[in-house]
Amino acid sequence: MIVKQAEIRDIPAVLELLQANHVNNVKDRSNGFVTTNMTEGQLAALIERENGVTIAKEDERVLAFAMAGSWDYWAEWPFFAYMIEQLPKFSFEGKVLTVEGSYQYGPVCIDESVRGTGVFEKVFYASLASMRARYPVMATFINHVNPRSFAAHTRKVAMTHVGDFQFNGNNYYLMACPTDLGSV
Ligand SMILES: CC(C)(COP(=O)(O)OP(=O)(O)OC[C@H]1O[C@@H](n2cnc3c(N)ncnc32)[C@H](O)[C@@H]1OP(=O)(O)O)[C@@H](O)C(=O)NCCC(=O)NCCS
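Residues numbered from 1 in each chain as written. Predicted model: local features only at pLDDT ≥ 70, side-chain atom pairs only at ≥ 80, totals over all residues. Heavy atoms only, no water.

Asks: Help me understand the state of the cysteines, please; the structure alone is not making it clear to me.
Replies: For the structure shown, the criterion picks out zero disulfides. For cysteine 109, which is in no disulfide, the shortest distance to another cysteine sulfur is to cysteine 177 and amounts to 18 Å. Cysteine 177 gets classed as buried once you look at its relative accessible area, which sits at 0%. (Disulfide = S-S within 2.5 Å. Buried < 20%, exposed > 50% of the residue type's maximum accessible area, 1.4 Å probe, protein only.)

Asks: What is the right way to read the site of the ligand from this model?
Replies: Near the ligand, the surroundings consist of 21 residues, among which Phe33, Val108, Ile110, Arg148 and Lys156 are the closest. Contacts to the ligand include arginine 155, whose side-chain N or O atom sits 3.1 Å from an oxygen atom. Considering the ligand on its own, with 920 Å² of exposed area, one finds that the protein chains cover 76% of that surface. Most atoms of the ligand, that is more than half of them, are within 2 Å of grid points of the largest pocket. Of all the secondary-structure elements, those providing two or more residues to the shell around the ligand are strand 6 (102-110) and helix 6 (147-156). (Near = heavy atom within 4 Å. Polar contact = N/O pair within 3.5 Å; in protein donor to acceptor, adjacent residues only side chain to side chain. Areas by Shrake-Rupley, 256 points an atom, 1.4 Å probe, with all protein chains shown as cover. 1 Å grid on protein atoms, 1.4 Å probe; cavity = no way out; pocket = protein on both sides within 12 Å on 5 of 7 lines; lining within 4 Å. Sits in = over half its atoms within 2 Å of the grid points. Helix = DSSP H or I, 4+ residues; strand = E, 2+ residues; numbered from the N terminus.)

Asks: What exactly am I supposed to notice about the packing of aromatic side chains here?
Replies: One pair of aromatic rings is described through two measures. These are the centre distance and the angle between the planes. As enumerated under the stated definition, the model contains 20 aromatic pairs in all. Clustering of aromatic rings is evident, with ring pairs tying together Tyr73, Trp74, Trp77, Phe79, Phe80, Tyr82, Phe141, Phe165, Phe167 and Tyr172. (Phe/Tyr/Trp six-rings, centres within 6.5 Å; stacked < 30°, edge-to-face > 60°.)

Asks: Just to check I follow, could you spell out helix 4 (residues 78-86) for this structure?
Replies: At 3.6 residues per turn, the α-helix brings residues three or four places apart onto the same side. Inspection of helix 4 places Phe79, Phe80, Met83 and Gln86 among the buried residues, and these make up the whole buried set. Each buried residue of helix 4 sits inside an arc of 110° when the element is viewed along its axis, so together they form one side. In this structure, helix 4 carries Pro78 and Glu85 as exposed residues pointing more than 90 degrees from its buried face. Its buried side turned inward, helix 4 meets helix 3 (71-74), strand 6, strand 7 (137-143), strand 8 (160-167) and strand 9 (170-178). (Arc of directions from axis to C-beta. Contact = heavy atoms within 4.5 Å.)

Asks: Explain the environment of isoleucine 11 here, please?
Replies: In this structure, isoleucine 11 sits in helix 1 (residues 11-20). A sequence separation of 51 residues divides isoleucine 11 from valine 62, and the C-alpha atoms of the two residues are 9.6 Å apart. Those residues in contact with isoleucine 11 that lie beyond four places of it in its chain are Glu40, Leu43, Ala44 and Ile47.

Asks: What exactly am I supposed to notice about the sheet that holds strand 9 here?
Replies: Through backbone hydrogen bonds, the strands of a sheet pair up, either in parallel or in antiparallel fashion. The seven strands are arranged 1-2-3-6-7-9-8 in an open sheet whose pairing can be described as mixed. What marks the edges here is a single partner per strand, and that holds for strand 1 (2-5) and strand 8. The mean angle between the axes of side-by-side strands here comes to 25°, regardless of whether they run parallel or antiparallel. Pairing between strand 3 (residues 61-69) and strand 6: five bridges, direction antiparallel. Residue glycine 69 lies in a different strand from strand 6, and its bridge partner there is glutamine 104. (Pairing = 2+ DSSP bridges. Axes fitted to C-alpha atoms, helices over the stretch in contact; angles between N-to-C directions.)

Asks: Sorry if this is basic, but what is going on with the layout of surface pockets here?
Replies: Unfilled space is identified by rolling a water-sized probe across the atoms. For the largest pocket, the calculated volume is near 650 Å³. Lining the largest pocket are 34 residues, with Val108, Asn146, Arg148, Ser149 and His153 positioned closest to its centre. Across the lining of the largest pocket, the residue classes break down as 14 nonpolar, 15 polar and five charged. Taken as a whole, the second largest pocket spans an internal volume of roughly 240 Å³. In terms of lining, the second largest pocket is formed by 14 residues, of which the most central are His22, Val23, Thr35, Thr36 and Tyr172. Residue assignment for the lining of the second largest pocket shows that the elements contributing at least two residues are helix 4 and strand 7. Its residues placed into classes, the lining of the second largest pocket shows eight nonpolar, five polar and one charged. (Points joined across faces, edges and corners; volume = space filled by probe spheres on them. Nonpolar A, V, L, I, M, F, W, Y, C, P; charged D, E, K, R; others polar.)

Listed below in structure tokens is the structure:
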């Protein structure tokens, strides 16, 4: 298995994994789900403009991905436009979160066959390292009803819960970490 930044030719396999984990298609939500939908064009833009898709690949199969992009990139999704408005209400390590000083990580998906094997940590840290030169801080959200994702992001990697917000009747944790987390 290799962990690398995705190329355009990886798009169909990434979308397949995203769809398999989308809330509309997941039967047992206790093992996690993603709510962000992405088109082929949006994924291509994330790869080409932001180099923002980290994948774990075995042969031609994509076993995991983590997305990462500037707030400017994510702003076209109403949910992220709302998060951008909320950001200044939250601080991390004594500094107010800003769109210039942070980026948005996620969605992240690990194929069921490799959950709990350390692939999550590898893809997480590779994604973080890929944005380190551009941003000091990473931020993301986790739905309160996705305890597996909260456990992974706090116990398997050391993200910090900085606050909570609501959107469309759902409750979310706002999470952050420095981009040099885990680096030597
Ligand atoms: C969330 C996800 C990325 C985590 O990766 P993972 O490889 O499954 O993570 P791990 O299994 O190493 O760690 C998860 C931890 O949560 C625990 N856990 C599992 N189900 C749980 C639940 N319902 N409630 C609380 N904790 C739970 C696991 O036991 C494990 O902790 P442990 O190893 O200390 O026992 C992965 O499960 C996934 O892709 N899920 C579907 C998509 C998703 O939810 N993405 C995140 C939101 S964008």
